Amino acid sequence: MALTPQNSEAFMREVDEAVRQDRLLTFWQRFGRWIVAAVVIGLAAFAGWLYWQHYTKTQSQAVSEEMDKVIATAVGGGTPDAKELDKLTQASQPGFRASALLVKAGAAARKGDSKAAIAAYQAMADDGSLDRPYRDLALIRQTTLEYESLAPQQVVDRLKPLAVEGAPWFGSAGELVAIAYMKMRKPDLAGPLFAAMAKDRNVPQSIRSRARQMAGLLGVDAVETPVAAGQE
């Protein structure tokens, strides 16, 4: 009995389906266990990644809380726990590590151990693994402690690259450099630098006030020009 076109089409679909099922079965028999293994490994890797993310976040929060306590103690004039501070100086997070090193050096300076504080700041300034702002701040603090024993030109050589408008520590470095210029009897260099600090709103207000007074004594205008309405 001949197949009608409809029956022929249905028959071919059944054949195609049987062929596909046979191919799928053959493929699964050959590669099924490898697919299962790959899925299991993938899920295990994902679970491990999730755990590591959670662990890292938890550890970071713990270190952050410890750092907050240490800084609060230092700012309040107290002495941070030495063991806790040493632990933080070994933190894997560069920012926490640098902050802890600054606190440790500052604590030594407050105790009158200038030699240890200077050595600590110098080590930070030379540590290429720390971000530049931390290294620059350490250099400024090192120079502050050594200021009276340094020749004015040494101060200028160290800090002039930091004593420029727009630099993060312009005020702190600029003040030290300007005073060094005065010691070198170079008011023509000191005056404009004081005036620039006085006009820079990013410089701390205490430094701006001192700079404005010094610029005035040197005959340099350090008064900010009022901004006209509509020009801000």
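Described below are features of the structure shown in this document. (Residues numbered from 1 in each chain as written. Predicted model: local features only at pLDDT ≥ 70, side-chain atom pairs only at ≥ 80, totals over all residues. Heavy atoms only, no water.)

Some details on the pattern of salt bridges
Tallying each qualifying case throughout the model produces four salt bridges. Across the salt bridge formed by Arg 97 and Asp 127, the nearest N and O atoms sit 2.8 Å from each other. A residue pair is termed long-range when its members are at least 10 positions apart, and Arg 97 in helix α3 (residues 94–110) and Asp 127 in the loop between α4 (114–125) and α5 (132–146) qualify at 30 residues. Judged by relative accessible area, Arg 97 falls into the partly exposed class, the value being 21%. Residues Asp 136 and Arg 132 are paired through a salt bridge, measuring 3.4 Å at the closest nitrogen-oxygen approach. (Salt bridge = Lys/Arg side-chain N within 4 Å of Asp/Glu carboxyl O. Helix = DSSP H or I, 4+ residues; strand = E, 2+ residues; numbered from the N terminus. Buried < 20%, exposed > 50% of the residue type's maximum accessible area, 1.4 Å probe, protein only.)

Here's the deal with the nonpolar core
Formed by 27 residues in total, the largest nonpolar core has its most connected members in Val 155, Leu 159, Val 177, Leu 193, Phe 194 and Met 197. Those elements that provide at least two residues to this core are α6 (152–159), α7 (170–183), α8 (187–199) and α9 (205–217). Setting aside residues up to four positions removed in sequence, Met 197 forms contacts with Phe 170, Gly 171, Gly 174, Glu 175, Ala 178, Val 203, Ile 207, Arg 208 and Ala 211. Counting residues in each nonpolar core, the second largest holds ten residues, with Leu 102, Ala 105, Met 124 and Leu 137 among its members. (Core = buried A, V, L, I, M, F, W, Y, C linked by side-chain atoms within 4.5 Å. Contact = heavy atoms within 4.5 Å.)

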